[in-house]
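Residue-level structure breakdown
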Amino acid sequence: MDPIDCTPPEYILPGSRERPLCPLQPQNRDWKPLQCLKVLTMSGWNPPPGNRKMHGDLMYLFVITAEDRQVSITASTRGFYLNQSTAYHFNPKPASPRFLSHSLVELLNQISPTFKKNFAVLQKKRVQRHPFERIATPFQVYSWTAPQAEHAMDCVRAEDAYTSRLGYEEHIPGQTRDWNEELQTTRELPRKNLPERLLRERAIFKVHSDFTAAATRGAMAVIDGNVMAINPSEETKMQMFIWNNIFFSLGFDVRDHYKDFGGDVAAYVAPTNDLNGVRTYNAVDVEGLYTLGTVVVDYRGYRVTAQSIIPGILERDQEQSVIYGSIDFGKTVMSHPRYLELLERTSRPLKILRHRVLNDRGEEVELCSSVECKGIIGNDGRHYILDLLRTFPPDLNFLPVPGETLPEECTRAGFPRAHRHKLCCLRQELVDAFVEHRYLLFMKLAALQLMQQKASKMENPTSLENGDPPSLEPKPEDPPGPEAGSEEEGGSASGLAKVKELAETIASDDGTADPRSREVIRNACKAVGSISCTAFDVRFNPDIFSPGVRFPESCQEEVRDQKQLLKDAAAFLLSCQIPGLVKDCIDHAVLPMDGATLAEVMRQRGINMRYLGKVLDLVLRSPAREQLDHIYKIGIGELITRSAKHIFKTYLQGVELSGLSAAISHFLNCFLSSYPNPVAHLPADELISKKRNRRRRNRPPGAADNTAWAVMTPQELWKNICQEAKNYFGFSLECETVDQAVETYGLQKITLLREISLKTGIQILLKEYSFDSRHKPAFTEEDVLNIFPVVKHVNPKASDAFHFFQSGQAKVQQGFLKEGCELINEALNLFNNVYGAMHVEICACLRLLARLHYIMGDYAEALSNQQKAVLMSERVMGIEHPNTIQEYMHLALYCFASSQLSTALSLLYRARYLTLLVFGEDHPEMALLDNNIGLVLHGVMEYDLSLRFLENALAVSTKYHGPKSLKVALSHHLVARVYESKAEFRSALQHEKEGYTIYKTQLGEDHEKTKESSEYLKCLTQQAVALQRTMNEIYRNGSSANIPPLKFTAPSMASVLEQLNVINGILFIPLSQKDLENLKAEVARRHQLQEAGKNRDKAEEPMATEPEPAGVPEDSASQPQAAKDPSSPGLQG
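Attention in this report is confined to the structure presented alongside it. (Residues numbered from 1 in each chain as written. Predicted model: local features only at pLDDT ≥ 70, side-chain atom pairs only at ≥ 80, totals over all residues. Heavy atoms only, no water.)

Here the focus is the packing of helix 20 (residues 660-672) against helix 21 (residues 714-729). In contact at an axis separation of 8 Å, helix 20 and helix 21 are set at 75 degrees when each is read in the N-to-C sense. By the angle class used here, helix 20 and helix 21 are roughly perpendicular. Contacts between helix 20 and helix 21 pair Phe667, Cys670 and Phe671 from the former with Pro714, Leu717, Trp718 and Ile721 from the latter. For the contact of helix 20 with helix 21, the class distribution of residues is seven nonpolar, no polar and no charged. (Axes fitted to C-alpha atoms, helices over the stretch in contact; angles between N-to-C directions. Helix = DSSP H or I, 4+ residues; strand = E, 2+ residues; numbered from the N terminus. Parallel < 35°, antiparallel > 145°, perpendicular 65-115°, else oblique. Contact = heavy atoms within 4.5 Å. Nonpolar A, V, L, I, M, F, W, Y, C, P; charged D, E, K, R; others polar.)

This is the structure we're talking about:
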């Protein structure tokens, strides 16, 4: 084996405290951009005068070649040629050499040798790069760091910026796009068969990503003051803008619209609630019901909502246009039969109850949405709904209502708490999980009643036909305990099946069900709050507890039930979802690594971010507090950076454009630098003009003449952060400075910097920052390179592709690898068809394909797919996103299997560096990473280095999985193997004994793992004895001793690969045909059992397309023929 250099950089070794930033984007110092021309621009002689047009002149170009030759070129209908014009003299006649060429490149090759040489090299280089490095991503991803770039002169770039920035092209008729028409026509495309659906989804996705890009550009132009308001005489906050057929409004409470809901704070959250509503109605996709294109952009402290324009809305008053819903939060309410019919179709999937409210004249009006949801018929005859900010029911934990008491679970946790605004609503995921939970309860109640009826029939056949139903009102919040189901697996499964059948019979209402069975269903329906008494149907009325909405007398009972349902849902969030999340974290079913992945995991379970404080409280009180250390750190970091973001938003609104970089660097110094009193640099005075011009009334929103930001101090900022954490999240932080926070909670400043930059859109210079210096501030204004918009938008889905992907996963889990592989390949084609080449879901597809090919032994194919997945993840998620770190680890494994050892090591080192940067050393994922690194180093015989990593992995595993876990036993075994290779048998024996003890207690004497370990112990003992004998021989006889050669084993690559597969959750088991048949039968039997029990967690499962939570071996499926050994639950790494 050729020697390879495997020394890791110092800063990634276990225990290193250094967290450098520069390696994040490695720079090639020798690389110089190739210059082909100095200037290529449109000539000042454009456009050609009439007489030249008639000679076929189309336009004139001005070029300065790399040799400093200035030439003027005519582009004509016949081709390109040099003309005799100079900078001040127009002469369109051809110059010598009179060379007419069909392409501009050919002409430039003639006149400039440098161009000819360099352009050829440039083209060659371009082809050598992987296409994924060049293809544009559908939505812009910004990096929070960037190297110092030379700003070179580029006339084409300059022209580009101004033709597209200042609305120059927006005034050319026929060039602007009618966004609303595009968005709605794509929705109207036919969708009867697969080709039609693909075409439709592709069109929808394309228009959405274009609209998002245009809306983002427009929102930035609005805040930068480059767009004229349509109501310029009003004050800045109230202005509205139209640019490129998109309507922009700022997130302020205009005309006291949200006065009862929390003013500006409510106006700030309303757009995101509205966007969630748009997302939901788009997903339900009812024909004939239209929503507006909506994008919410946060930029420079302002929130801008961008919407497509309903045809005709600008010509008439809103009062005339609205024919459904209310424009004044429920005083005047209107309804419309067509809207009721359309919204009725969405009510079942969205769990919205059709209900009646009173208008200001005391008349009953029927609605099938919240009162704020407005219906407008556009001039194009389409039915639009807008203002969907209350699509989901209110969250009572954050909405104190006088005279209402919440269930005990809520009051015990200190709820209800007054929030800043009254627009808090439950997430759709929570509503779905709650209804799923209620359905399970319904089935169990009915099954129990049926069994009791059966029993009473047997005991006492003469009893009353319809005696009192057994009182079965359980407390709806107690999650039906797992014990309940497992007592009589068979009985309850058949009972549930009966109930299902019965419920279907009664729902179809054909009169076949006997009255006693009807009674059973009616009781169960009543107990779970179903709105129908013949079938399970839980829905919410989104107007309950809405200020200003009144209900008719006749509905009082229904309103009372609805209020109770909302209280139950609020209690369900606290008593089921949050504990469920914490339990999943203890079991490592989810492994968040940074703020974004934690937020993702919370949202999948329907827990809003305002509950973060509650989650942290529960983590603190958990008996397994030690094993939740990583969650606690991420949570505290998220709490601090979110609180800082809230403060930063208002801080930035008071900064004028010329002071932006000074203000941002000052804020970062106060937030992260140990320097005690940073001073803000105000914009330089030498530029202040002699004549003080009178202040203009109409300033762009960012032009407050205001330097209040400059007086902020670190003490004040941290005091405000603690205050904000207490008020918003209900959590008390114990720190007054950044250093105390870092010390108390074990955080890293570099991680806090990354989190705050990603949340606010700051981009900083890539260099090393000395956060801890007490002599100078960490940031100067030169370090702040840019501020980007943070964009929220709708993500249209490729539904057919997604179904193929899910079926493929299911097949793989059942052990049908070939079929699974085919389905996933099909899904990949469909995803590419809809999304183009770059997308998060394509990334998941490629990763799974790579894994399947690897298992089936096709390493080259696995490597090729995984490399694509890595490149794509870097482009669409970010170069240091936890998902990208995962991809690196898989790629390293496949590289090792393909004998590319040094590449595998470099990838693992990179993954470790990124993990250190994003979180730090103390994360369960680090154990897996270090085991991988240790094993590869063991394979290349770097024993001492290998031990450093493996022993760190052992320590981390012991902390997060407990000292008795099977993962720890495996870790002990890996360490023992390295000690054996070093011939340190005593240490090897010690570790293997630890492992053996764990196997023995967890799995028993007869388990194969225990036997393997016991064999290995014997082998180690023999080697140790042989070594001791040899040593004694040497002591006795000195140099003349007759020594048998000792066998020191360098590990074989195959054995290292085998261990790598084990820790990464991939087991290969050779099975005979008979075994396979048995296994498939077993899988089918289990599948039926699961179906019968209709697993409660279904609603809480993360979607398969989301990047799987790190560390779950992606799909336990990835083993051939369901090769997870059921009796050894934790060996898969």
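Judged by pairing direction, the sheet is mixed, and its four strands sit side by side in the order 8-15-14-11 without closing on themselves. At either end of the open sheet lies a strand with only one pairing partner, and these are strand 8 (289-290) and strand 11 (322-324). As paired elements, strand 11 and strand 14 (residues 374-377) share two bridges and run antiparallel to each other. Note that in strand 14 the partner of Tyr324 across the bridge is Gly375. Helix 10 (residues 337-350) contacts strand 8, strand 11, strand 14 and strand 15 (383-386) of the sheet and is inclined by roughly 65 degrees relative to strand 15. (Pairing = 2+ DSSP bridges.)

This part takes up unusual backbone geometry. Of note, the amide linkage connecting Asn46 to Pro47 takes the cis form, showing an omega dihedral of -15 degrees. By the secondary structure assignment, Pro47 is in the loop between strand 1 (37-42) and helix 1 (50-53). Despite not being glycine, Ser899 has its phi angle at roughly 65 degrees, a positive value. Tracing the sequence through the fold places Ser899 in the loop between helix 28 (882-897) and helix 29 (901-918). Ser899 sits in the exposed class, given a relative accessible area of 59%. (Buried < 20%, exposed > 50% of the residue type's maximum accessible area, 1.4 Å probe, protein only.)

Of all the five residues making up strand 7 (residues 246-250), five are buried; the element is thus mostly covered by neighbouring parts of the structure. Here strand 6 (residues 240-243) runs beside strand 7; their pairing, made up of four bridges, is antiparallel. By the bridge assignment, Trp243 is partnered in strand 7 with Ile246. Where strand 6 folds back on strand 7, the antiparallel hairpin that results is connected by two residues, among which Asn244 adopts a positive phi of roughly 55 degrees.

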